[in-house]
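Report on the structure
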Amino acid sequence: MALWPWKPSPFLESAEEEWQAEVWRWFLRSFGGLEDFRRSPLVTPTAEFFPATGSSGHARALKIFEHVKRHAGLQEWECELVEQPSRPDLRVGEVMAQVFEQHDPAGTFGVEGNRVVISYEPTQLGDPMALIATFIHELGHYLLATIADPPPGGPQTEELATDLVTVYLGFGLFGANCAFSFQRDSGTHSQGWSTARQGYLTERMWCYALATFFRLRDEDIGQARPFLKSHLYTDLRKATAYLRKHPERMPVSS
C-alpha cells in the first residue's frame, strides 16, 4: 500500500504548463529551432550589455532602445520610438496611508501608415530595468507580428505570448523582476505606498519560463542569481527541480 496516495502538485496549473510548452514549440518552429535559440545571449542589467551614457531624457531612451534591439537581434528592424504623455503624479494630500496601483500600459506597439511606432512611459527613465522590460515587450509584439498563425490559445493569449518571447530572446530577467513591485512613500504632508505590475505573466510564470530557458540551453541557473530578486531565484530553483523530475513538461527534449 502506498504511503503517499496523492500526486505532487504541478509548479503551475497544468493548463499553464501545457500552454507554455506549446508556445515554446511555436517559437522554435517559427524562429529557427534550438540551434538559433541557443545563440542568443542571456541579457543581464550590466555595463557589458548596457554601457553607461551621459545622455538624458529621450536621447537616453533612444540609446537604451538601440542596445535592446541589438541584443534581441532586431537591430535592422526599422521602428520609431516616441514618448507617451507624462502621467499625473499621484500623491496623498494629507497625512494618511493610501495604496496606488499602476494599471496604465508602460509601452505600446502600433503601425501608423508604413511606420512601426513604439511608445514608452518617460517616468521609466529613472528605472532602467523596467524601461528595458518595456522595450523588449513591445519589440516582441513586432517580432510575433511576422508569424502568420496566432499563438497557441488564440489571439486572446497574444500579450502573454509576447511576455514569453522576451524570455526566448534572452531578456527574461527583466520581465521577472518587474512583474510586481512595492514602494513605500512618505513626505511632510503625505505617506503611503504604491504597487506596480508590469507585463502579463505572473512572477511564478516568469520563473517557470526562465527555468525552461535554462533547461533548453543546458545552462546553469546560477548565472541568474546576482540579477533576480531573492524570492524569484528561489522559485527559479524550484521550477528547475520540477522540470528535471518532469521532463515530459519540456517543449522538446533538451
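Residues numbered from 1 in each chain as written. Predicted model: local features only at pLDDT ≥ 70, side-chain atom pairs only at ≥ 80, totals over all residues. Heavy atoms only, no water.

Inspection of every chain in the model, using the stated rule, returns 18 aromatic pairs. Ring centres of Phe65 and Phe135 lie 5.0 Å apart, and the angle between their planes is 70°; this geometry places the pair in the edge-to-face category. Of the two residues, Phe65 is situated in helix α3 (residues 57–71) and Phe135 in helix α4 (residues 128–144); the sequence distance between them amounts to 70 residues. Each member of the pair Phe65 and Phe135 is classed as buried. Among the aromatic residues, those joined into a cluster by ring pairs are Trp24, Trp26, Phe27, Phe31, Phe37, Tyr168, Phe213 and Phe214. (Phe/Tyr/Trp six-rings, centres within 6.5 Å; stacked < 30°, edge-to-face > 60°. Helix = DSSP H or I, 4+ residues; strand = E, 2+ residues; numbered from the N terminus. Buried < 20%, exposed > 50% of the residue type's maximum accessible area, 1.4 Å probe, protein only.)

Next up on the list: unusual backbone geometry. The phi angle at Asp218 is positive, at roughly 55°, despite the residue not being glycine. You can call Asp218 exposed: its relative accessible area is 64%.

Across the protein chain, the average pLDDT comes to 87, with 81% of residues at or above 70. For the stretch residues 90–103, pLDDT sits under 50, and the model shows 32 contacts to residues farther than four places along the chain or on other chains. Predicted confidence for residues 182–195 stays below pLDDT 50, and this span has 39 contacts to residues more than four positions away or in other chains. (pLDDT = per-residue confidence, 0-100. Contact = heavy atoms within 4.5 Å.)

Consecutive side chains along a regular strand alternate between the two faces of the sheet. In terms of strand pairing, strand β3 (residues 107–112) meets strand β4 (residues 115–120) through 6 bridges, oriented antiparallel. If you follow Gly107 over to β4, its bridge partner there is Tyr120. Between β3 and β4, which pair antiparallel one after the other, the connecting turn spans 2 residues, and Gly113 there sits at a positive phi close to 65°. (Pairing = 2+ DSSP bridges.)

This model, assessed by the stated rule, comprises 9 salt bridges. Residues Arg25 and Glu22 are paired through a salt bridge, measuring 2.7 Å at the closest nitrogen-oxygen approach. Residue Arg25 and its partner Glu22 are both found in helix α1 (residues 14–31); the two are separated by 3 residues, about one turn of the helix. If you follow the salt bridges from partner to partner, you end up with Glu17, Glu18 and Arg249 in one network. (Salt bridge = Lys/Arg side-chain N within 4 Å of Asp/Glu carboxyl O.)

This brings us to the environment of Phe65. Look at Phe65 and you get buried, because its relative accessible area is 1%. In this structure the C-alpha to C-alpha distance between Phe65 and Leu131, which are 66 residues apart in sequence, comes to 8.9 Å. Each residue touching Phe65, except ones within four places of it in the same chain, is listed here: Cys79, Leu81, Ile118, Phe135 and Leu139.

All right, on to the environment of Trp24 then. For Trp24, the position within the fold is in helix α1. Residues within four places of Trp24 in sequence aside, it is in contact with Phe37, Leu164, Val167, Tyr168, Ala209, Thr212, Phe213, Leu216 and Pro251.

Moving on, we get to the nonpolar core. Most often, soluble globular proteins have nonpolar side chains that are buried together. Of all hydrophobic cores here, the largest spans 71 residues; its most connected members are Phe27 and Phe171. Secondary structure elements with two or more residues in this core: α1, α3, β4, α4, α5 (158–168), α6 (172–178), α7 (203–217) and α8 (230–245). Top element by residues in this core is α4. It accounts for 11 residues. Look past the residues within four positions of Phe27 in its chain and what remains in contact with it is Leu144, Ala161, Leu164, Val165 and Tyr168. (Core = buried A, V, L, I, M, F, W, Y, C linked by side-chain atoms within 4.5 Å.)

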